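Read off the chains here:
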Amino acid sequence: MRPTMKAQHGNGRGSRSPFLTSYALTLAFITFVSVLYFKDFSSTLHRPFLNRPPPHPHRRPLRPRHHASDSDVASQARRRAAVEQLPFAVGAAPAGCDVGQGEWVYDEAARPWYQEEECPYIQPQLTCQAHGRPDRAYQHWRWQPRGCSLPSFNATLMLEMLRGKRMLFVGDSLNRGQYVSLVCLLHRSIPESSKSMETFDSLTVFKAKDYNATIEFYWAPFLAESNSDDAVVHRVADRIVRGTSIEKHAKFWKGADILVFNTYLWWMTGQKMKILQNSFEDKNKDIIEMETEDAYGMVLNAVLKWVESNMNPKTSRVFFVTMSPTHTRSKDWGDDTDGNCYNQTTPIKALSYWGPGTSKGLMRVIGEVFGASKIPVGVVNITQLSEYRKDAHTQIYKKQWNPLTPEQIANPKSYADCTHWCLPGLQDTWNELLYSKLFFP
């Protein structure tokens, strides 16, 4: 006869089976270990993170994962919508990517984009190899932003996007250098019979005939009317700007689909700016003096007002290129010799370097003026990355407009140009940044 369940367990108060005893011991052990682990984990959570190793210098620290708030999602949606609405945009830059912060990487495989002798549009003031520069290292540096990369320059894409369009650079000789750089970056993708370049006084026009597109440069070093407006004879010591009068120049800007402005070098007189209240034709000129920052902001605001009244943000884009630095005193970057950019062959390595010739006050004005714009104005910040490039100037390797004196020949640094840049070179990177802002904002 099979025993009943009650007889097997002895009314529940007798000895337990070996299986149940082993199970109870195992459960108790797991509970004990869990309590100890929880205490250790809890103390770790409350311990200050003073001993955490620093992040890798070339890697952005990881942000803690969290669920996006409604405001985050809405902000991202607004940004995507704004990018999609910008004319010429084909994609978006990675979130949080600041292309102005990074370092120069020597790259013989990928730079330069073109050879000096292959581009017939470079002015003799910028053809350094043709004028005897012995080194080529300045052509091989590539800008590498921290934490992201610039989109690769695609000449065919840009020409297709410019089909039937007019792109216009407006400013001084540094803006003209950037303009010529862009023409050099594009012209090899255009058949010889389908391109041309002509100059009409202050206006230079490059035509890509198969694309019905023009890329142009207009000389206006102050953007406003001035006594330096002659495209050839403009080297005047006593510079005068006619207030906020820009119509003389702005009539040439109308109809442009893409405008790229710059103005800086001509403002750096070291003195107050002379502002003409009436006309240059008046015999009795009414001239007042203004602080440079005030006069600079006044003219930029006049340009912005014109842009807001004349440019359609649904079909056109506007950009402003920041200051181009100079390298006139080698002691500024820690060189004990009494030199300048002459014979410099490598970039400055100190990432915090900011030369005394670059005005942070005018940089602040740029941010204030265009930050308040009613329509998008893309600020192309070339200043910090150009500060490092003491090696990239034309130095003495350019066409000299006047015969050199025996004293100059004996002391080459005395006539070195530490303002303008060799092509190919640094200004090709400026156009990489412009390309990124235009197509991948």
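This text follows the structure it describes.
Reading guide: rules and limits
- Residues numbered from 1 in each chain as written.
- Predicted model: local features only at pLDDT ≥ 70, side-chain atom pairs only at ≥ 80, totals over all residues.
- Heavy atoms only, no water.
- Helix = DSSP H or I, 4+ residues; strand = E, 2+ residues; numbered from the N terminus.
- Buried < 20%, exposed > 50% of the residue type's maximum accessible area, 1.4 Å probe, protein only.
- Contact = heavy atoms within 4.5 Å.
- Areas by Shrake-Rupley, 256 points an atom, 1.4 Å probe, with all protein chains shown as cover.
- Phe/Tyr/Trp six-rings, centres within 6.5 Å; stacked < 30°, edge-to-face > 60°.
- Lys NZ or Arg CZ within 6 Å of the ring centre and 35° of its normal.
- Axes fitted to C-alpha atoms, helices over the stretch in contact; angles between N-to-C directions.
- Parallel < 35°, antiparallel > 145°, perpendicular 65-115°, else oblique.
- Left-handed = near helix turned anticlockwise from the far one by under 90°.
- Nonpolar A, V, L, I, M, F, W, Y, C, P; charged D, E, K, R; others polar.
- Core = buried A, V, L, I, M, F, W, Y, C linked by side-chain atoms within 4.5 Å.
- Expected span 1.5 Å × (residues − 1).
- Pairing = 2+ DSSP bridges.

Participant: How should the overall build of the protein chain be read in this particular structure?
Facilitator: A count of helices and strands for the protein chain gives 11 helices and 14 strands. Among the 441 residues that make up the protein chain, the fraction classed as buried is 46%. Sequence-distant contacts, at least 24 apart, represent 76% of the contacts inside the protein chain between residues at least 6 apart. As displayed, the protein chain offers around 24,400 Å² of accessible surface, 54% of which is attributable to carbon and sulfur atoms.

Participant: I tried to follow the packing of aromatic side chains on my own but got confused; where do I start?
Facilitator: For any pair of aromatic rings, geometry is given as the distance between the ring centres together with the angle between the planes. Within the structure shown, the criterion is met by 19 aromatic pairs. Note on Trp 421 and Trp 430: the rings are 6.4 Å apart at their centroids and 75° apart in plane angle, and the pair reads as edge-to-face. We note that Trp 421, like Trp 430, is buried. Seen in terms of ring centroids, Tyr 435 and Phe 440 are 6.3 Å apart; in terms of plane orientation they differ by 40°. Their pairing is tilted. Take Phe 440: its relative accessible area is 22%, and that puts it in the partly exposed class. Here the aromatic cluster, defined as three or more aromatic residues joined through ring pairs, consists of Trp 113, Phe 153, Tyr 435, Phe 439 and Phe 440. If you follow Lys 360 out to its NZ or CZ, it ends over the ring of Trp 354, 5.3 Å from the centre.

Participant: Hey, could you run me through the environment of Tyr 353 in this one?
Facilitator: Relative to the helices and strands, Tyr 353 resides in the loop between strand 11 (317-321) and helix 8 (360-371). Under the relative-accessibility criterion, Tyr 353 is labelled buried at 8%. It is 8.1 Å that separates the C-alpha atoms of Tyr 353 and Gln 384, two residues lying 31 residues apart in sequence. Beyond its immediate stretch of four places on either side in the chain, Tyr 353 contacts His 327, Asp 332, Trp 333, Ile 348, Gln 384, Glu 387 and Tyr 388.

Participant: How should the packing of helix 7 (residues 292-310) against helix 8 be read in this particular structure?
Facilitator: A pair of packed helices can be characterised by two numbers: the angle between their axes and the separation between those axes. Look at helix 7 against helix 8: their axes get within 10 Å of each other, and the N-to-C directions meet at 30°. It follows that helix 7 is roughly parallel to helix 8 by the angle criterion. The handedness of the crossing between helix 7 and helix 8 is right-handed. Residues Thr 292, Glu 293, Tyr 296, Gly 297, Leu 300, Asn 301 and Leu 304 of helix 7 pack against Gly 361, Leu 362, Arg 364, Val 365, Ile 366, Val 369 and Phe 370 of helix 8. In terms of residue class, the contact of helix 7 with helix 8 is made up of 8 nonpolar, 4 polar and 2 charged.

Participant: Any chance you could explain the nonpolar core here in plain terms?
Facilitator: Side chains that are nonpolar tend, in soluble globular proteins, to be buried together. Core analysis: the biggest nonpolar cluster contains 99 residues, and Met 158, Trp 253 and Phe 261 have the highest contact counts within it. Among the elements that line this core, the one with the most residues is helix 7, at 9 residues. Not counting residues within four places of it along the chain, the set of residues in contact with Trp 253 comprises Arg 166, Leu 168, Val 170, Tyr 218, Leu 223, Ile 246, Leu 259, Phe 261 and Trp 306. Ranked by size, the runner-up nonpolar core spans 9 residues in total, among them Cys 128, Tyr 138, Cys 341 and Ile 396.

Participant: Sorry if this is basic, but what is going on with helix 5 (residues 173-187) here?
Facilitator: The end-to-end C-alpha separation of helix 5 is 21 Å, in line with the 21 Å expected for 15 residues at 1.5 Å each. For helix 5, the tally of buried residues reaches 14 of 15 residues, placing the bulk of the element in the interior.

Participant: How should I be thinking about the sheet that holds strand 5 (residues 203-208) in this particular structure?
Facilitator: Hydrogen bonding along the main chain pairs the strands of a sheet, whether they run parallel or antiparallel. Pairing is mixed in the open sheet, where 7 strands are placed in the order 4-5-6-3-8-11-12. Two strands close off the open sheet at either side, each with one partner strand: strand 4 (195-200) and strand 12 (378-380). Along the sheet, successive strands turn relative to each other by an average axial angle of 15°, direction set aside. In this structure, strand 3 (residues 166-171) lies alongside strand 6 (residues 213-219), joined through 6 bridges in parallel fashion. By the bridge assignment, Arg 166 is partnered in strand 6 with Thr 214. Against the sheet, helix 5 touches strand 3, strand 4, strand 5, strand 6, strand 8 (258-261) and strand 11, its axis set at about 160° to strand 6.

Honestly, it's all geometry; don't read function into it.
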